[in-house]
Amino acid sequence: MPRTSEPGRSVSSRLLELLFCFEPGESELSLAELSRKTGLPHSTARRLVLELVDAGALDQRADGRFAVGLRLWQLGTLAPMTESLRTMAQPFMDDLYTALHQHVQLAVLEGEEAVIIERRSAPRALGLISHVGGRLPLHCSGVGKVLLSHSGSALTNKILGSELRRHTPKTIVDPDALRSELADCRRTGTAQVRGELTKNADSIATRIVNNEGRVVAAISVVILSGSVHRQAALPSVITSGRGLSRMLGWHPGIKVRSA
């Protein structure tokens, strides 16, 4: 997206650019930070931010910083796919958590990343960089590989044709090796990641399919390497993914499709 200081940008695009500055880890921002992140002059940023405050889209804290407002949060909860998925997934995620006492994550594809829309976490389980609303790379996370493998050739070629970040010594960045993994993922509907995103963290993930055979989400468990045998956890993850897929109208007679 071009900088908001460029001539010809609409007011609505500038307002959206300000709102999109807020993300996990940056839930409160000062006016100076908003001006810097958007490229808007300080006076323009101030005028637009105050309009958003008046509308309830942003709140101004006692210290002068800004945060997402209640009305904007309420609007976000109405997003049909993520909210219905979160609601339907809760019993399956609870069952996985009860069975394994490990992190359980539900993610969807957004752009070139996986976004976590729901999570269950054990108090003493492995510490992770991810959280609800957080984003994960597609090439080295369990849910990411599931989503990428079913996303279609255009996105796959774009991701594998870019410079892939090596998060740990185990991160697979060779395009040919990744293509082979993604092919296996399409065939089995599952992905197993061994310490590629976070050191000593393994992920077992599977796809969630709707009534048209499209993969709309992925569910995973993330475990401390060696704490749970991956092959022992895999059937529980697959069962949860298939159960949730059936809730979305999928059945074995529907062929799984790529985008």
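Structural data are supplied above this passage.
Below is a short write-up of the structure. The residue numbering used here restarts from 1 in each chain and proceeds along that chain's sequence as written. Totals for whole chains, interfaces and linings use all residues, but because this is a predicted model, local features are given only for residues with pLDDT of at least 70 and pairs of side-chain atoms are given and counted only at 80 or more. The side-chain quantities take in all heavy atoms of the structure and omit both hydrogens and water.

Considerations on the overall build of the chain
Line of reasoning, step 1. Runs of E in the DSSP output that reach at least two residues are strands. Runs of H or I that reach at least four are helices, and both are numbered from the N terminus. For the chain, the count of helices and strands is 9 helices and 9 strands.
Line of reasoning, step 2. Per-residue burial over the chain gives 46% buried out of 259 residues.
Line of reasoning, step 3. Any pair of residues with heavy atoms lying within 4.5 Å of one another is described as a contacting pair. Put simply, of all contacts in the chain between residues at least 6 apart along the chain, 57% involve residues at least 24 apart.
Line of reasoning, step 4. Accessible surface for the chain amounts to roughly 13300 Å². Of this, 53% is attributable to carbon and sulfur atoms. When a residue's accessible area, from a 1.4 Å probe over protein chains only, is under 20% of the maximum for its type it is buried; when over 50% it is exposed; and in between it is partly exposed. Computed with the Shrake-Rupley method and a 1.4 Å probe, the accessible areas treat only the protein chains shown as cover for residues.

Some remarks on the side chain of Asn-210
Line of reasoning, step 1. Take Asn-210: it is sitting in the loop between strand 8 (201-209) and strand 9 (215-224).
Line of reasoning, step 2. When near neighbours in sequence (up to four residues on either side) are disregarded, Asn-210 contacts Val-216, Leu-248 and Trp-250.

What about the pattern of salt bridges?
Line of reasoning, step 1. Note on definitions: salt bridges are taken to be side-chain nitrogens of Lys or Arg within 4 Å of carboxyl oxygens of Asp or Glu. A complete count under the given rule lists 14 salt bridges for this structure.
Line of reasoning, step 2. We note a salt bridge from Arg-65 to Glu-33, for which the minimum N-O separation is 3.3 Å. Remark: Glu-33 occurs in helix 2 (residues 31-38) and Arg-65 occurs in the loop between strand 2 (58-60) and strand 3 (66-68); sequence separation between them is 32 residues.
Line of reasoning, step 3. Its relative accessible area of 25% is what places Arg-65 among the partly exposed residues.
Line of reasoning, step 4. Residue class for Glu-33 comes out partly exposed when judged on its relative accessible area of 23%.
Line of reasoning, step 5. Across the pair Arg-47 and Glu-51 runs a salt bridge, and its minimum N-O distance is 3.8 Å. You can see Arg-47 and its partner Glu-51 sitting in helix 3 (residues 42-55), 4 residues apart, about one turn around the helix.
Line of reasoning, step 6. By relative accessible area, which is 46% here, Arg-47 ends up partly exposed.
Line of reasoning, step 7. The partly exposed category is assigned to Glu-51, whose relative accessible area is 38%.
Line of reasoning, step 8. Taken together, the shared-partner salt bridges in this structure form one network comprising Arg-86, Asp-94, Glu-118 and Arg-120.

Observations regarding the sheet that holds strand 3
Line of reasoning, step 1. The criterion for strand pairing is that DSSP finds at least two bridges linking the strands in question. Spatially, 3 strands are ordered 1-3-2 in an open sheet, and the strand pairing comes out antiparallel. Looking at which strands have only one partner, the edges of the open sheet turn out to be strand 1 (28-29) and strand 2.
Line of reasoning, step 2. Bridge count between strand 1 and strand 3: 2 bridges; the pairing is antiparallel. Looking across to strand 3, one finds that Glu-28 is bridged to Ala-67.

Structural notes on the sheet that holds strand 7 (residues 190-194)
What links the strands of a sheet is backbone hydrogen bonding, and the strands pair in either a parallel or an antiparallel sense.
Line of reasoning, step 1. Strand order in the open sheet formed by 6 strands is 6-5-4-9-8-7, and the pairing between neighbours is antiparallel. In this open sheet, the two strands that pair with only one neighbour each are strand 6 (135-137) and strand 7. Within the sheet, the average angular offset between the axes of one strand and its neighbour, ignoring direction, is 30°.
Line of reasoning, step 2. Where strand 7 meets strand 8, 5 bridges bridge the pair, whose relative direction is antiparallel. Note that in strand 8 the partner of Thr-190 across the bridge is Thr-206.
Line of reasoning, step 3. Note on geometry: axes are C-alpha line fits, over the in-contact stretch for helices, and angles between N-to-C directions span 0 to 180 degrees. Each of strand 4 (103-110), strand 7, strand 8 and strand 9 is contacted by helix 9 (residues 230-247), which is oriented at about 25° to strand 8, the strand it contacts most.

Concerning helix 2
Side chains three or four residues apart in an α-helix point the same way, a direct result of the helix having 3.6 residues per turn.
Line of reasoning, step 1. Here helix 2 has its buried residues at Leu-31, Leu-34, Ser-35 and Thr-38. Projected onto a plane normal to the axis of helix 2, the buried residues spread over an arc of 100° and lie on a single side.
Line of reasoning, step 2. Where helix 2 is buried, its residues contact helix 1 (11-19), strand 1, helix 3 and strand 3.
Line of reasoning, step 3. Of the residues one or two after helix 2, Gly-39 is the one with positive phi, at around 80°. The directions from the helix axis to the C-beta atoms form the arc being described.

Some words on the pairing of strand 4
Line of reasoning, step 1. Burial analysis of strand 4 places 6 of its 8 residues in the buried class, the great majority of the element.
Line of reasoning, step 2. One ladder, built from 7 bridges, connects strand 4 with strand 5 (residues 113-120); its direction is antiparallel. Bridging across to strand 5, Leu-109 finds its partner in Ala-114.
Line of reasoning, step 3. In this antiparallel pair of consecutive strands, strand 4 and strand 5, the connection spans 2 residues, and Gly-111 shows a positive phi of 65°.

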